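Listed below, chain by chain, are the residues.
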Amino acid sequence: AQSVTQPDIHITVSEGASLELRCNYSYGATPYLFWYVQSPGQGLQLLLKYFSGDTLVQGIKGFEAEFKRSQSSFNLRKPSVHWSDAAEYFCAVRVTGANNLFFGTGTRLTVIP
Amino acid sequence: SAVISQKPSRDICQRGTSLTIQCQVDSQVTMMFWYRQQPGQSLTLIATANQGSEATYESGFVIDKFPISRPNLTFSTLTVSNMSPEDSSIYLCSVAYRDTYEQYFGPGTRLTVT
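Model, not experiment: these values are computed from the prediction.

So, how was this worked out
Residues numbered from 1 in each chain as written. Chains lettered and ligands numbered in written order. Predicted model: local features only at pLDDT ≥ 70, side-chain atom pairs only at ≥ 80, totals over all residues. Heavy atoms only, no water. Buried < 20%, exposed > 50% of the residue type's maximum accessible area, 1.4 Å probe, protein only. Helix = DSSP H or I, 4+ residues; strand = E, 2+ residues; numbered from the N terminus. Pairing = 2+ DSSP bridges. Contact = heavy atoms within 4.5 Å. Buried area = accessible area lost by both parts, 1.4 Å probe. Salt bridge = Lys/Arg side-chain N within 4 Å of Asp/Glu carboxyl O. Polar contact = N/O pair within 3.5 Å; in protein donor to acceptor, adjacent residues only side chain to side chain. Nonpolar A, V, L, I, M, F, W, Y, C, P; charged D, E, K, R; others polar. Core = buried A, V, L, I, M, F, W, Y, C linked by side-chain atoms within 4.5 Å.

J.: Describe the pairing of strand β10 (residues 87-94) of chain A, and please don't skip the residues or the numbers.
T.: Regular strands place their side chains on alternate faces of the sheet. All names here are of chain A. For β10, a buried count of eight out of eight residues is recorded, marking the element as mostly surrounded by other parts of the structure. Of the two faces of β10, the one holding Ala87, Tyr89, Cys91 and Val93 and the one holding Glu88, Phe90, Ala92 and Arg94 are both buried throughout. Note that strand β5 (residues 32-38) and β10 share seven bridges and pair antiparallel. Looking at β10, one finds that Leu33 is bridged to Val93. Here β10 runs beside strand β12 (residues 107-112); their pairing, made up of three bridges, is antiparallel. Counterpart to Ala87 in the pairing with β12 is Leu109.

Shown next as structure tokens:
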């Protein structure tokens, strides 16, 4: 079955530490890939996207993500986390022939001082 | 990117009543969507709002429960009808441009049904 998997429900990191959030997808072809962030009580903000080309994409707020076709993964990374990064992070895909997004279950990030 | 506003931002409603949520975009967009985010869960697509015609609903969602209008390219409404506590969720409007494939979200409407 087609799916988007975020295996980590909750991650806690110390401020200044590096971060990697995992995302795996299961679709027949390479979909369009997205990462969104949702701060408490807020809507979703687009962090970055991958459509084609360079497999390492840069986004806003110092985030980057790497697409690995062989692993069907699109992991989100940040070299040094700030307290303001505490939020819920969603990986999403848009598959060929569909206009809407399919979302993973989300990863809640807690940042400790 | 698009600037999207939703009204109301939150509401507390009684069981059996209906609530209409408005979504306004600052530019003409190709596609508009309505998503539901139940407490502690991810987003689920309710329907695609089509301009001038009936919305396209996803499996598990029906027009009688979630009637949608889209009279033009910048505005849509979602009504949650005959509400029950199970309808307590955040409802998000989303827009997309066909040529860029990016999708943007409104701030959401937090609905509590008592």
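Text resumes after the structure shown.
J.: Explain the interface of chain A and chain B residue by residue, including any values.
T.: A common measure of how large an interface is: the accessible area buried when the components associate. Tallying the contact residues gives 19 residues for chain A and 19 residues for chain B. Note on chain A versus chain B: buried area summed over both sides is about 1,500 Å², and carbon and sulfur give 57% of it. Across the chain A-chain B interface, the total number found is one salt bridge. Connecting chain A to chain B are five residue pairs in polar contact (both at pLDDT 80 or more). At four residues, β5 of chain A tops the list of elements feeding residues into the side of chain A that touches chain B. Grouping the amino acids of the side of chain A that touches chain B by side-chain chemistry returns nine nonpolar, eight polar and two charged.

J.: How would you sum up the nonpolar core? Please name residues and give values.
T.: One finds Tyr36 and Phe103 of chain A together with Trp34, Tyr35 and Phe105 of chain B to be the most contacted residues of the largest nonpolar core, which totals 45 residues. It is strand β9 (residues 89-96) of chain B that contributes the most residues to this core, six residues altogether. Core analysis: the next-biggest nonpolar cluster, separate from the first, contains 29 residues, Ile11, Tyr27, Leu33 and Val93 of chain A among them.

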